[in-house]
Structures are given as structure tokens and as C-alpha cells.
There are 2 protein chains.
Amino acid sequence: MTPADKPPPVDVGRRKRFDARRNQQTLLDAAAAVFVRAGVDAPVREIAAEAGVGMGTIYRHFPTRADLVVAVFRHQLDALADATTTTPAADETPYEALRSWVARFADFLVTKHGLAEALHSDQAGFERLHAEFVDRLLPVLDQLLKASAAAGRTRADIRAYDLMLAVGNLCIGAETFPDYQARRMIDLLLAGLAQDTPPPSGQ
Amino acid sequence: MTPADKPPPVDVGRRKRFDARRNQQTLLDAAAAVFVRAGVDAPVREIAAEAGVGMGTIYRHFPTRADLVVAVFRHQLDALADATTTTPAADETPYEALRSWVARFADFLVTKHGLAEALHSDQAGFERLHAEFVDRLLPVLDQLLKASAAAGRTRADIRAYDLMLAVGNLCIGAETFPDYQARRMIDLLLAGLAQDTPPPSGQ
DNA sequence: CTCATATACGGAACATCGCTCCGATTGGCA
DNA sequence: TGCCAATCGGAGCGATGTTCCGTATATGAG
């Protein structure tokens, strides 16, 4: 093995002690379980207890609470980010694609207790969570939005960033206040986004 | 004085010691000042320090943080609640009245640092804040909404409660994330609320 | 197999919250 | 003036996120 064979360009975590990698996975599983039953605001101590490790172990693997949250939901984030690639535009119009993606995004946020709230919290450390979501999902939504606008189906003067935060915001309180129908309000927002004008060039 | 002369039906606070009433006002002023410069999440201790009183004094007058917040903003809440009475429908259509009230509501939330966030927080004690807002403002919004729907200008299948929480939610992050244009998204929501159908009987 | 050491672990400790409690203080009345 | 209940002040409690450091252990060399 020449030294150039494996010059760690990014230390992905392969070069760690065995128990370290095992504990990292244990922590992810424990955190996922606790998040489901106690929300993403669950105390760090509770996650540590669930995983059967000490506080120090958590903070070595995930420097801040937000990092742990991001790590737990990363694969679901990936799924949302791959959406366009997976279903570019088979049998649905760009507008329908936009709608269904937003619906999946909303489902994701509503399902995870307190995720939507945390996303917009100004609590120290949670900007990371916000940034992660924006980085991963904004390009996808932007593409969907532009496609729909290009088809003349939706307004072209709405920025993906605003829409993404708005949808995220509308999900807040969906479970705290059972009477609040977040999805209905998201539909209302999307209705406002739609244009009466049929495709300008197509007709 | 017959015992029936002043049987405190509701002790409005007139029957208190002088220093007590003075401190209550001092606290309201101090809290208002601190809220402006540090947001509604400012530590209670900081408000106590600003007012130059001890912790006990705060909690005697306002049993919980949320009560203090409510008290500070009560007169602004009153102004929003009186809106319809003040301006029933002079020179504007019911839809315009609805739009301008929502705009004032949004301005109120955006201006106060963190108020929108606090409104939807599931933190213990903040349900009071939520309840106060709903109790005071829901009737007003409901009336505006029904009037606009009756004029055929807006959809009739949207509940005032949902709309109120939605508008409140859309205000979240307006100052935490400077790029986010909350008012634009509120306009989008209201656009979705509007109906294409012109006033069926009026025109 | 033994041992040395870098690595990872555990949990006590710290700072910061909201909120409670109780002894000290003081306003208001006879 | 003097009493007493109402009020005040701030130490204290429990919870939380995060840091620190002494201890335990995985792992590669001999």
C-alpha cells in the first residue's frame, strides 16, 4: 500500500476504534427511539440513558444536540433531496410534482415531534439544523418551483427559500394544537401560488 | 360601608398596597424595555434586575412568565380586538378589511422579538399565551372572514382558527432569518383564500 | 501472550433557566 | 406610636445543555 493509496481526504469515520463506531450507531438508534416517544426536544441525558452511555460519549460523537438531530434524520433528508431525481416528471405535471413534494416535506416535518419547531428556533446550535435543511432541500424545491413556473402553472416571483420556510412554519403546532389543520393551510398557500394563466407558450 | 359595597367581584388590583401597585407598573415598563432589546425570551432575572426588584416580586404579580408577556402586550391585543368595532366597514370591502387586519396582526407579531415563536411553543406555561391570543382575536378574525366569504370574495370553507394560527406561524423567523419575507408568504396565503368568483349578488 | 499508549468512556461539575419558599421589611391603620 | 398583615428580596431547587478530566480499554508492537 503506497502512502497515496489511502490518504484520508475526508475522515469518514472508518479510522476509529471499534467500540467508538458501535457506540455511534447505538446512539443514533437510541436517539431515534427517544425522538419518537419524547420529541426532538428530549433531554440529552435521556438519550444517553436509552443508549446506556455517558454524557461525554454523546458529545464526542455529536458536538451539539443539533448535530445529533441532523444525523438521525439525514437519510430521510436524503430521500427528500433525491425526490426529483427519483421522479423527475413521469406522468405528472410540474405543478403536481411540486405539490406532491411539498406534501411529503410537510408529512416529514409533522411526523417528527417538534422538528418543525426546532428548525426555526433561535436556540443556540439550531442554526446548524436550519442550515442543513436549507442546503439539502432548497435546490430541489427551487428546481420544482422553476419547472412549474416555466409551465406557466404557478407564479414566477416567489422564491424557493421563502416557500420552504413558509411550508415549514405552517407545520408548527400541528400536533401541539390538534385542532390546527396544517395541511389545509399548506394547500391554501399552494393555491395562492397557482396561476389562473394556462401555459403561456403552449397555447 | 356595607359588606356589599365592595365585595370584590373581580379584584382588578385597586385593593392593593401602594408599593405593590407601583411595583406592578415598574415591572410592566421594565419588561417592555427588556422585551424590546432582548426578545420575549429574556430571562426573568434580567427583567427583575431592570426593574430593580427581586424574583419574588415578579412572581407575585405575574405567576408565570407567560402572564407577564400577556400583560405587557394586552393593550396592543385590545387594539387588534377592537379593530372591527372601530372600523366596521366604512369605505373598504370586507375582503380589504380582512387583509388589512391580517397585515396589522402580522406587523404586531413580527415587531415583537420572538413573540410569534413563543405563541406556538409547547414550553410549559405558554399555552396561556396562546389561549389569550385565541380568546381575544379569534372572534374578530372569524367575523372578518365570514363577512368576506358572505360577499363571495373568499372561500367559505376555511376556519378562522386555522387561518389565525397559519398567519402567526408564517411570522416565525421573520427576524431570525433576515432573508425570509414573512409578509410575502402571508400575501400568498391570502391569495389562496381569495375566490375567483366575484360577488355573486352584488355585481 | 504481554504490555504500553493512544483513544474512548463515564459522570461529576458548571452555567443558565423558570419557579418556589421563607425570613426580613414595610405600608396602612388605630 | 406601634402592631400586623401584605409585600419584598434573593437564596435555593430541579432541570437542561455542555465541558472537563480521571479511568477504562482497544489495539498494535515486541
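These numbers come from a predicted model, not from an experiment.

Caption draft 1: The protein's contact with DNA strand C, seen in detail. Near DNA strand C, the surroundings consist of 26 residues, among which Arg17, Asn23, Thr57 and Arg60 of chain A together with Arg45 of chain B are the closest. Restricting attention to atoms of DNA strand C within 4 Å of the protein, one finds that 54% of them are sugar or phosphate atoms. For DNA strand C, a phosphate oxygen lies 3.4 Å from a polar atom in the side chain of His61 of chain A. Looking at the surface near DNA strand C, the elements that each hand over two or more residues are helix H1 (18-38) and helix H3 (55-61) of chain A together with helix H1 (18-38), helix H2 (44-51) and helix H3 (55-61) of chain B. Examining the composition of the surface near DNA strand C, we find that five residues originate from one element, H3 of chain A, more than from any other. Here the surface near DNA strand C is built from residues that sort into nine nonpolar, eight polar and nine charged.

Caption draft 2: Molecular detail of the UniProt feature "DNA-binding region" (unreviewed entry) in chain A. The UniProt record annotates "DNA-binding region" (unreviewed entry) at residues 43-62 of chain A. In residues 43-62 of chain A, the share of helix is 75% and the share of strand is 0%. The end C-alpha atoms are 14 Å apart.

Caption draft 3: Representation of the pattern of salt bridges. Residue and element names in this part refer to chain A. Taken as a whole and judged by the stated rule, the model has 24 salt bridges over all chains. As a salt-bridge pair, Arg99 and Asp187 come within 3.1 Å of each other at their nearest N and O atoms. Of this pair, Arg99 sits in helix H6 (residues 94-111) while Asp187 sits in helix H10 (residues 182-193), and the two are 88 residues apart along the sequence. Exposure remark for Arg99: the relative accessible area of 29% places this residue in the partly exposed category. In this structure, Asp142 engages Lys146 in a salt bridge whose closest nitrogen and oxygen atoms are separated by 2.8 Å.

Caption draft 4: Local environment of the interface of chain B and chain A. Taken together, the 31 residues of chain B in the interface contact 31 residues of chain A. Here chain B is connected to chain A by two salt bridges. A salt bridge links Arg184 of chain A to Asp157 of chain B, with the shortest nitrogen-to-oxygen separation between them at 3.4 Å. For the interface between chain B and chain A, the tally reads 11 residue pairs in polar contact (both at pLDDT 80 or more). Secondary structure elements with two or more residues in the side of chain B that touches chain A: helix H7 (115-119), helix H9 (160-170) and helix H10 (182-193) of chain B. Grouping the amino acids of the side of chain B that touches chain A by side-chain chemistry returns 15 nonpolar, six polar and 10 charged.

What counts, and at which threshold
Residues numbered from 1 in each chain as written. Chains lettered and ligands numbered in written order. Predicted model: local features only at pLDDT ≥ 70, side-chain atom pairs only at ≥ 80, totals over all residues. Heavy atoms only, no water. Near = heavy atom within 4 Å. Polar contact = N/O pair within 3.5 Å; in protein donor to acceptor, adjacent residues only side chain to side chain. Helix = DSSP H or I, 4+ residues; strand = E, 2+ residues; numbered from the N terminus. Nonpolar A, V, L, I, M, F, W, Y, C, P; charged D, E, K, R; others polar. UniProt positions renumbered as here; feature names shortened; annotations may be inferred. Salt bridge = Lys/Arg side-chain N within 4 Å of Asp/Glu carboxyl O. Buried < 20%, exposed > 50% of the residue type's maximum accessible area, 1.4 Å probe, protein only. Contact = heavy atoms within 4.5 Å.

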